[in-house]
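# Coordinate analysis (summary)
Okay, here's what each chain looks like letter by letter:
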Number of protein chains: 2
Amino acid sequence: MRTLVPFDARDPNSRLSPVLDGTERHDFANAMLGDVLAAVREAGGDPHVLSTAELPAEVDTAAPVIIDSRPLTPAVSAGIEGDTAVVMSDLALATPSGLRRAMRTPESGDVAAAPGLGGGTNVLVVRHPEFEPDYHGTSFDDHRQAARSIGAPFRPIDSFRLAVDVDGPSDLPEVLLHGTGRAADWLADAGFAVVVDEGRAMVVRD
Amino acid sequence: MRTLVPFDARDPNSRLSPVLDGTERHDFANAMLGDVLAAVREAGGDPHVLSTAELPAEVDTAAPVIIDSRPLTPAVSAGIEGDTAVVMSDLALATPSGLRRAMRTPESGDVAAAPGLGGGTNVLVVRHPEFEPDYHGTSFDDHRQAARSIGAPFRPIDSFRLAVDVDGPSDLPEVLLHGTGRAADWLADAGFAVVVDEGRAMVVRD
């Protein structure tokens, strides 16, 4: 299935700036993108990077790159062609099995979505020609309502690994605890480790 | 399947004290317990409340109550009898389908577990007589290793709805965004609502 992977090549992971400098944020974002593209491919998807700008020469995604500097909603909307999945590029824990559950649609004409922490939409699978994505705010519920308004069945995908988008520092423990790919390796190589303080997991850097 | 639901009847949800007073924390904890027990029953489980103290008379769980004032690990360990599931009482988003996935074990002798945010273990399904739970710290990985050490297959359960345990105020948006039971109703009735501030969902109270 055609799979768009939106990627911010200009200022990725800006909320990680308290713990990572600019170069590091780019490197970490590239590692997560690599993990997501690998998981999409293993799940049978055909990934297309939907990037806000040209990717640096050293980033070899081995996937077509669509450059669209517009905000997420119009860029994704323009990139949807027939049955299309949209998988965020910061899903460092995404697994092929979770993505397969999302892409394995029992009936044509429906919409499937995996919520992100905080109400966003981390994975969207669109098989209805009239469905229009809208990533503003708590988009998961908006997508459910948008599907209902056009009579398309809506199928929520219940996945922890697809729910964790790496947004701020509080998401980094999840990557170290559960990740097995480049992003987890990158964090460990950069000196990050998980500590538990008063029952809460957090990261420290050596 | 025998299902233990550990419950703190003395000082529940202490990390919610910035936003809920003592009586409210008890009421909200009771609402979540009711949701979890209903989901366990609908998933085919036979719930037993494993409580740190007597439940107040007004809380009718319609389930056997085991009183054990010890810490979680020895209390759960003593409560395991044959094939046993352990489902935390603060999983306000737990659905029968998520729990069914956890309890539906393809082979006897294995251990299944659903991680919580922050590395804990929110659901544990034990079908191996030698397995010993240990809920200290980042217990999900410890449980994986404990299963490995006795040769028991370990099956991770990938569920967003089982990953969200209601610990601190930052978990409340998830309950309002995705909950459909008593806990979500309780929060709404108490005046809580979700707002999005700089792309992050949080709760406000009117």
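Keep in mind it's a predicted model, so treat the numbers as computed, not measured.

Before going further, it helps to examine the overall build of chain A. Along its length, chain A carries 7 helices and 9 strands. Rg of the C-alpha trace for chain A: 17 Å, near the compact-globule value of 17 Å for 206 residues, within the 12% margin. Of all 206 residues assigned to chain A, the portion counted as buried reaches 58%. For chain A, the share of sequence-separated contacts (at least 6 apart) that also reach a separation of at least 24 residues comes to 61%. On chain A, roughly 8600 Å² of surface is accessible, and the fraction owed to carbon and sulfur atoms is 47%.

A separate point is the pattern of salt bridges. Here the structure, examined in full by the defined rule, presents 20 salt bridges over all chains. Between Arg25 of chain B and Asp11 of chain B there is a salt bridge; the shortest N-O distance is 2.9 Å. In this pair, Arg25 of chain B is assigned in helix H1 (residues 22-42) and Asp11 of chain B in the loop between strand S1 (2-7) and H1, connecting sequence segments 14 residues apart. Accessibility expressed as a relative area gives 12% for Arg25 of chain B, which makes it buried. The exposure class assigned to Asp11 of chain B is partly exposed, which follows from its relative accessible area of 38%. Among the salt bridges present, the one from Glu24 of chain B reaches Arg205 of chain B, with a minimum N-O distance of 2.6 Å. Of the two residues, Glu24 of chain B is situated in helix H1 and Arg205 of chain B in strand S9 (residues 200-205); the sequence distance between them amounts to 181 residues. Connected through salt bridges with shared partners, the residues Arg15 and Asp167 of chain A together with Arg200 of chain B form a single ionic network.

On the side of chain A, 28 residues touch chain B, which itself brings 28 residues to the contact. Taken together, the two surfaces of chain B and chain A that pack against each other cover about 2100 Å², and 55% of this comes from carbon and sulfur. It is Asp158, Phe160 and Arg200 of chain B in chain B that bury the most area against chain A; as a group they hold 26% of the surface buried on that side. Along the contact surface separating chain B from chain A lie 4 salt bridges. When the shortest N-O distance is used, the salt bridge between Asp167 of chain A and Arg200 of chain B registers 3.6 Å.

Attention shifts here to H1 of chain B. Residues and elements named next belong to chain B. Between its terminal C-alpha atoms H1 stretches 31 Å, which fits the 30 Å expected from 21 residues at 1.5 Å a residue. Capping the start of H1 is the job of one residue whose side-chain oxygen sits 3.2 Å from the backbone nitrogen of Thr23: Asp21. Immediately downstream of H1, the backbone of Gly44 shows phi near 95 degrees, a positive value.

What follows covers the environment of Val126 of chain A. Residues and elements named next belong to chain A. Tracing the sequence through the fold places Val126 in strand S6 (residues 121-126). When its relative accessible area of 1% is taken as the criterion, Val126 is described as buried. When the C-alpha atoms of Val126 and Ala188 are compared, they prove to be 36 Å apart, with 62 residues separating the residues in sequence. Ignoring sequence-local partners within four residues, the contact set of Val126 consists of Ile80, Gly82, Asp83, Thr84, Asp110 and Phe131.

A word on the sheet that holds strand S1 (residues 2-7) of chain A. Each strand in a sheet pairs with another by means of backbone hydrogen bonds, the pair being arranged parallel or else antiparallel. All names here are of chain A. In spatial order, the strands read S3-S2-S1-S4-S6-S5-S7; together these 7 strands make up an open sheet with mixed pairing. Each edge of the open sheet carries a strand with a single partner, namely strand S3 (65-67) and strand S7 (154-156). Going from strand to strand, the sheet's axes swing by 20 degrees on average, the running direction of each strand aside. Helix H1 (residues 22-42) rests against S1, strand S2 (46-51) and strand S4 (84-87) of the sheet, and its axis sits at about 170 degrees to S1. Contacts from helix H2 (residues 72-79) reach S1, S2 and S4 within the one sheet, and its direction differs from that of S1 by about 160 degrees.

Looking now at the relation of the copies chain B and chain A. Rotating chain B by 180 degrees and translating it 0.0 Å along the rotation axis places it on chain A, where the RMSD comes to 0.0 Å. Here the transformation between the copies is reduced to the relation of a two-fold axis.

Moving on, we get to the packing of H1 of chain B against helix H3 (residues 96-103) of chain B. Residue and element names in this part refer to chain B. At their nearest, the axes of H1 and H3 sit 8 Å apart, and the two run at 55 degrees to each other. Taken together, the axis directions place H1 and H3 in an arrangement best described as oblique. Crossing of H1 over H3 shows right-handed handedness. Seen from H1, the contacting residues are Ala39, Val40 and Glu42; seen from H3, they are Pro96, Leu99, Arg100 and Met103.

Before going further, it helps to examine the packing of aromatic side chains. Any two aromatic rings considered together are summarised by their centre-to-centre distance and by the angle between their planes. Counting across every chain of the model gives 4 aromatic pairs over all chains. Between Phe28 of chain A and Trp186 of chain A the ring centres are 5.4 Å apart and the planes differ by 40 degrees, which places this aromatic pair in the tilted class. Of this pair, Phe28 of chain A sits in helix H1 while Trp186 of chain A sits in helix H7 (residues 182-189), and the two are 158 residues apart along the sequence. Here Phe28 of chain A matches Trp186 of chain A in class, with each residue buried. Seen from their ring centres, Phe140 of chain B and Phe154 of chain B are 5.5 Å apart, and the 70 degrees between their planes marks the pair as edge-to-face. Taken together, the positions of Phe140 of chain B in helix H4 (residues 139-149) and Phe154 of chain B in strand S7 (residues 154-156) put the pair 14 residues apart, joining distant regions of the chain.

About the thresholds
Residues numbered from 1 in each chain as written. Chains lettered and ligands numbered in written order. Predicted model: local features only at pLDDT ≥ 70, side-chain atom pairs only at ≥ 80, totals over all residues. Heavy atoms only, no water. Helix = DSSP H or I, 4+ residues; strand = E, 2+ residues; numbered from the N terminus. Rg over C-alpha atoms; globule rule 2.2 N^0.38 Å. Buried < 20%, exposed > 50% of the residue type's maximum accessible area, 1.4 Å probe, protein only. Contact = heavy atoms within 4.5 Å. Areas by Shrake-Rupley, 256 points an atom, 1.4 Å probe, with all protein chains shown as cover. Salt bridge = Lys/Arg side-chain N within 4 Å of Asp/Glu carboxyl O. Buried area = accessible area lost by both parts, 1.4 Å probe. Expected span 1.5 Å × (residues − 1). Polar contact = N/O pair within 3.5 Å; in protein donor to acceptor, adjacent residues only side chain to side chain. Pairing = 2+ DSSP bridges. Axes fitted to C-alpha atoms, helices over the stretch in contact; angles between N-to-C directions. Least-squares fit on C-alpha atoms with pLDDT ≥ 70 in both. Parallel < 35°, antiparallel > 145°, perpendicular 65-115°, else oblique. Left-handed = near helix turned anticlockwise from the far one by under 90°. Phe/Tyr/Trp six-rings, centres within 6.5 Å; stacked < 30°, edge-to-face > 60°.

Function-wise, these values are silent; they only describe arrangement.
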